[in-house]
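Architecture at a glance
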Amino acid sequence: MRRRRVVVTGIGIVCGLGVGREDVWRNAVAGTPAGASIAGTDIGDAPVQMACPARDFVVADFVDRRLARRADRVTHFALGAGRLALADAGLEISGHGHDVGCILGTGTGGNHVRDENHTVMLQRGVDRISPFAIPYSMCNHPPAELAMQLGLRGPTMAMVTACAAGSDAIGTSAAVIRRGDAEVMLAGGTDAMITPLWIAAFDAMRVLSHHQQDPAGAARPFDVSRDGFLIGEGAAVLVLEELEYATGRGAAIICEIAGYGASADAFHITDPDPTGRSQARAMRAAIQEAGIAPSEIGYVNAHGGGSRSGDPAEVAALRRVLGEAHAAETAVSATKSMHGHCMGATGAIETALTALAVADGRIPPTINLRELDPACTGVDHVIDTMREVRLRAALTTNSGLGGHNAALVLTPWEGR
Amino acid sequence: MSPRDLRERVVITGIGLVSPLGIGRADAWASALAGRSGAGPVTHFDASDHGAKIAFEVKGFDPLTFIDRRALRRMDRSSQLAVAAAALAIEDAGLEIPPDAERHGAVISTGNGGNATYEETHRTLLERGPDRISPVALPMIICNMAAGHVSIAYGLKGPLSCVLTACASSLHALGEAADVIRRGQADVMLAGGSEAAVTPYAMGALDASRAMSHRNDDPVGASRPFDAERDGFVLGEAGAILVLERMDLAVERGAPIVAELAGYGATSDAHHITEPQPEGSEQARAILRALASGDIDPGSVDHINAHATSTLVGDASEVQGIITALGARQAERIAVSATKSLHGHCLGATGALEAALTALAVTDQAVPPTINLDHLDPACAGVDHVLTGREQAIRTALCSGFGFGGHNAVLAICAVGA
């Protein structure tokens, strides 16, 4: 049997770079930082007072008033990105939606709802917890609500692999289509983790940047002075379709999801495998599934979390997989320098930006990379200014706490 | 049995259970067949202010049997249950994991992750401030950490994930893990789930959703699926992990094959956030997709381990779904067991626990009972409810799981011929 092919036909994004595919892409290509002070918001005395909030997102544009009040911000983002993606794809869910499913990654689900209700219990008693405390905080609420709102009755689930969740959700969605369990999948990720609890918990782990005098310049992947990440928030949803289904309805194809690979570090709960071997396995598996040579990869959207140990490990992995010679001429950028680390959404946002790079022939830059760390050399960093390149294939990689690695290979659509 | 290439077939070769029915496959299965309930008053915390004060707790679990003291301090109970269940599963399968286990992966799910750690950490934040939070709090809370710990403990370097669909989570985990093997990304997968939600907030919040039994004076009689007097589910906790292997490789190494994981169907209700679609139409479609995905004759279904949580709407819609999918005549002769009457609703672990019991039913050709089914609700009639553990010829068995949010998953588990 011929392998079923999976293409991207729609993109919806909500994050610190804007709302909607065009808005976000314009800002990404222009190298716009979303890092900002969040002092004076409801984060109280949090030790870090900066993040990459999705400031332009208006809940009422996407969510009815009652649901907006009850549901968590993580679900608001998912509904926003999901509706934008569907509109971008020009897709109408017809009939019973049996062939359309949804997998969304998330790091922690409905944090606001959970923290609020836990506070209520502590202060006013267990009998004052809202009946919606569980349904609106569970990690699977965003995909379930999107399925309910849009009438999707195919396979629907959440993917929870920390910071790799968005990529794993897209890869697994492609696998669902390939095995024939759906013709269309809404795939992506969502997270809303700019909360007092998570800022404090991340900071206790010493993973957040403290360049607080310069929020826009604080996220500095690969730079010698990097000291961690900025928490971002938002969602990205991609419409994935089986190729013949997409061409049959005359969809505008953005690119192909050619390969997906996943691996585990089996090393440490918080520190990445420093050799890069584990990440390299995920990248190789993705390249192998795509049926291309590593030398065809022209762009890598790196995880680039801005951590001391993570960034060099990732570059080491790229050098292993691409080979020293090809790695040196492969364009690499870490768009987290602009949109921050959006946790379970980040892989989806970065895959969306990679898809747009492949379709548009423009590579968004890494910003704030003033002095390259010698431990991160050996690839062609795209710094500050976007670059025009016709790509034959691009790779996007993510790694998550717990040792999850995911990689996707995207190839341009030329009616092949 | 499906005619497909052995390389595309997936078998269950090991079962690890740390459950209210017992610790280890043999103990748990003996309790299930004998109809011994693991319910009792909550002992993990003082539940006197709670509406639901009963639960199915895991008794006699000493994590130090499985986990060294240093690692233990950084693990929520949910991860401890998973790591222990994985150890038992690996042992049961006689599996030797090579040093560079790139072809071994895991999908370990949960409903809520590290509940106890979350509650303690958030309380610390509120009462003592952000600078008093532990650096290991976040990794102990997040839902994927049971998978992470299992991978680290046993050196699994292949694909590693956690799919989450509330109460159907670990059935989706098993189905997706089987697909990882089928598409050639791994040869061996540890798959299942863990849950440790017998904690003040998680239990209080679940009760607030009005789905739990308040029959506090009769813990053993409280979980009563399909009974006319059922009034909701009773919370359980568990770690349940199965070893899945590519069939040709399992045969080659002489693995102790329990049963074939032959089919998987997943659908979504798109109906309501907590209520199932009342006619069970999407559940029915999940059953049919599970059978179709493994080229399985629907007439060969002899047993179903039902999701049946003991809620009013859920149990009735499930029986309707079975009848819709397989027809009234076929449904009448299917032996249906609701083992939640014995082990409670273990949320993200429940699907894997029930899938394990389903696989054991297939290999043992025997079915466990639904206990407390004293007066069958007429809305739940139309199948052969198993009231006493008994021998049963089983060709194909189904295991169903349905989660808040409308997620449906069904696995088809088949006997493997000699």
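Our subject in this report is the structure included herewith. Computed from a predicted structure; not experimentally measured.

Here the focus is the overall build of chain B. When its secondary structure is counted, chain B shows 15 helices and 17 strands. Relative to the globule expectation of 22 Å for 418 residues, the C-alpha radius of gyration of chain B, 20 Å, shows essentially globular dimensions. Along the first, second and third principal axes, the C-alpha atoms of chain B reach 65 × 50 × 40 Å. For chain B, the proportion of contacts with a sequence separation of at least 24, taken over those separated by at least 6, is 79%.

The subject of this paragraph is the packing of aromatic side chains. By the definition in use, this model includes six aromatic pairs over all chains. For the pair F57(A) and F62(A), a centre-to-centre distance of 5.6 Å together with 10° between the ring planes defines the contact as stacked. An aromatic cluster of at least three residues, connected via ring pairs, comprises F57(A), F62(A) and F77(A). Across from the ring centre of Y118(B), 3.7 Å away, lies the NZ or CZ of R114(A), which sits over that ring.

The subject of this paragraph is helix α9 (residues 277-290) of chain A. Residues and elements named next belong to chain A. Taking 1.5 Å per residue as the helical rise, α9 with its 14 residues ought to reach 20 Å, and the 20 Å between its terminal C-alpha atoms agrees with that figure. Among the 14 residues in α9, eleven count as buried, and that is most of the element. Those residues of α9 that sit buried are S278, Q279, A280, R281, A282, M283, A285, A286, I287, E289 and A290. Contact partners of the buried residues in α9: α6 (165-178), β9 (255-264), β10 (297-301), α10 (310-322), β15 (393-400) and β16 (404-412). Once α9 ends, the next one or two residues include G291, with phi positive near 70°.

So, about unusual backbone geometry. Although it is not a glycine, R206(A) sits at a positive phi angle of roughly 60°. For A270(B), which is not glycine, the phi dihedral falls at a positive 50°. Mapped onto the secondary structure, A270(B) falls in the loop between β10 (259-268) and α11 (281-293). Of the residues examined, A270(B) reaches a relative accessible area of 11% and is grouped as buried.

Residue and element names in this part refer to chain B. With respect to the secondary-structure elements, Q80 resides in helix α3 (residues 77-93). At a separation of 3.0 Å, a polar atom in the side chain of Q80 contacts the main-chain carbonyl oxygen of M75. Other than its neighbours up to four places away in sequence, Q80 contacts F61, P63, I67, L72 and M75.

All names here are of chain B. As for its position among the elements, H385 is in strand β14 (residues 384-385). Within polar-contact distance, the side chain of H385 engages the backbone oxygen of C380 at 2.8 Å. What H385 contacts, discounting residues up to four positions off in sequence, is F226, V336, L373, L376 and C380.

The next subject is the environment of D227(A). All names here are of chain A. Looking at the element boundaries, D227 is found in the loop between α7 (196-204) and β8 (234-242). With a relative accessible area of 27%, D227 lands in the partly exposed category. D227 sits 18 residues away from S209 along the chain, and the two C-alpha atoms are 5.0 Å apart. If near-sequence neighbours (up to four positions away) are discounted, D227 is found in contact with V207, L208, S209, H210, H211, A218 and G306. Polar side-chain contacts of D227 include one of 2.9 Å to the backbone nitrogen of H210. Here H211 takes part through its side chain, which lies 3.3 Å from a polar atom of the side chain of D227.

Right, let's talk about helix α8 (residues 200-208) of chain B for a bit. Within α8(B), eight of the nine residues are buried, which leaves it mostly tucked inside the rest of the structure. Along α8(B), the residues classified as buried are Y201(B), A202(B), M203(B), G204(B), A205(B), L206(B), D207(B) and A208(B).

It is worth spelling out the packing of helix α1 (residues 25-34) of chain B against helix α15 (residues 350-364) of chain B at this point. All names here are of chain B. Where α1 meets α15, the closest approach of the two axes is 11 Å, and the angle between their N-to-C directions is 80°. What the angle tells us is that α1 and α15 run roughly perpendicular. Here R25, W29, A32 and L33 of α1 lie close against α15, whose contacting residues are L357, L360, A361, T363 and D364. Here the contact of α1 with α15 is composed, by residue class, of six nonpolar, one polar and two charged.

Quick look at the nonpolar core now. As a rule of thumb, soluble globular proteins bury nonpolar side chains together. Grouped together as the largest cluster of nonpolar side chains are 201 residues, with contacts concentrated most on L186(A), F202(A), L240(A), L174(B) and L244(B). In contact with L240(A), other than residues within four places in its own chain, are V6(A), V7(A), V8(A), I170(A), S173(A), A174(A), I177(A), E183(A), V184(A), M185(A), A187(A) and I257(A). Grouped together as the second largest cluster of nonpolar side chains are 31 residues, V18(B), A89(B), V150(B) and V188(B) included.

Here we come to the interface of chain A and chain B. Counting residues at the interface gives 71 residues for chain A and 70 residues for chain B. Across the chain A/chain B interface, buried area totals approximately 5800 Å², and carbon plus sulfur atoms make up 65% of it. Along the contact surface separating chain A from chain B lie four salt bridges. Measuring nitrogen to oxygen at the nearest pair gives 3.0 Å for the salt bridge that ties D179(B) to R179(A).

For the structure on display, the rule yields 41 salt bridges over all chains. Its salt-bridge partner being R25(B), residue D92(B) comes within 2.8 Å of it at the nearest N-O pair. Within this pair, whereas D92(B) is found in helix α3, its partner R25(B) is found in helix α1, the two being separated by 67 residues in sequence. On the basis of relative accessibility, which here comes to 25%, the residue D92(B) falls in the partly exposed class. Taking the relative accessible area as the measure of exposure, R25(B) reaches 26% and is therefore partly exposed. Each member of the salt-bridge network shares a partner with another, and the members are R179(A), D181(A), E176(B), D179(B), R183(B) and R289(B).

Once that is clear, we can look at the packing of α11(B) against helix α12 (residues 312-326) of chain B. Residue and element names in this part refer to chain B. Two elements in contact, α11 and α12, have axes whose closest approach is 7 Å; the angle formed by their N-to-C orientations is 45°. Comparing their axes, α12 and α11 come out oblique. In this structure, the crossing between α11 and α12 has a hand that is right-handed. For the pair α11 and α12, the contacting residues are Q283, A284, I287, L288 and L291 in the first and S317, E318, G321, I322, T324, A325 and L326 in the second.

Next up on the list: the environment of A216(A). Inspection of the secondary structure puts A216(A) in the loop between α7 and β8. Among residues more than four places away in sequence, those in contact with A216(A) are P33(A), G35(A), I367(A) and N368(A).

Glancing now at a positive patch on the surface. All names here are of chain B. There is a patch of like positive charges on the surface, built from R69, R70, R73 and R74. Following the sequence through the fold, R73 ends up in the loop between α2 (69-72) and α3. Residue R73 is classed as exposed on the basis of its relative accessible area, which comes to 61%.

On to the pairing of strand β16 (residues 396-403) of chain B, then. Every other side chain in a regular strand lies on the same face of the sheet, so the side chains alternate between the two faces. All names here are of chain B. Here β16 lies mainly inside the structure; eight of its eight residues are buried. Of the two faces of β16, both are covered, the one formed by T396, L398, S400 and F402 as well as the one formed by A397, C399, G401 and G403. Sheet topology note: the strand β11 (residues 301-305)/β16 ladder contains four bridges and is parallel. When the bridges of β16 are listed, I304 appears paired with L398. Looking at chain direction, β16 and strand β17 (residues 407-414) are connected through eight bridges and run antiparallel. The residue of β17 that forms the bridge with A397 is I413. Between β16 and β17, which follow one another and run antiparallel, lie three residues, and G405 among them has a positive phi close to 105°.

About the cut-offs
Residues numbered from 1 in each chain as written. Chains lettered and ligands numbered in written order. Predicted model: local features only at pLDDT ≥ 70, side-chain atom pairs only at ≥ 80, totals over all residues. Heavy atoms only, no water. Helix = DSSP H or I, 4+ residues; strand = E, 2+ residues; numbered from the N terminus. Rg over C-alpha atoms; globule rule 2.2 N^0.38 Å. Contact = heavy atoms within 4.5 Å. Phe/Tyr/Trp six-rings, centres within 6.5 Å; stacked < 30°, edge-to-face > 60°. Lys NZ or Arg CZ within 6 Å of the ring centre and 35° of its normal. Expected span 1.5 Å × (residues − 1). Buried < 20%, exposed > 50% of the residue type's maximum accessible area, 1.4 Å probe, protein only. Polar contact = N/O pair within 3.5 Å; in protein donor to acceptor, adjacent residues only side chain to side chain. Axes fitted to C-alpha atoms, helices over the stretch in contact; angles between N-to-C directions. Parallel < 35°, antiparallel > 145°, perpendicular 65-115°, else oblique. Nonpolar A, V, L, I, M, F, W, Y, C, P; charged D, E, K, R; others polar. Core = buried A, V, L, I, M, F, W, Y, C linked by side-chain atoms within 4.5 Å. Buried area = accessible area lost by both parts, 1.4 Å probe. Salt bridge = Lys/Arg side-chain N within 4 Å of Asp/Glu carboxyl O. Left-handed = near helix turned anticlockwise from the far one by under 90°. Patch = residues over 30% accessible without salt bridge, like charges linked within 9 Å, V, L, I, M, F, W, Y side chains within 5 Å. Areas by Shrake-Rupley, 256 points an atom, 1.4 Å probe, with all protein chains shown as cover. Lys, Arg positive; Asp, Glu negative; His and termini not counted. Charge placed at Lys NZ, Arg CZ, Asp CG, Glu CD. Pairing = 2+ DSSP bridges.

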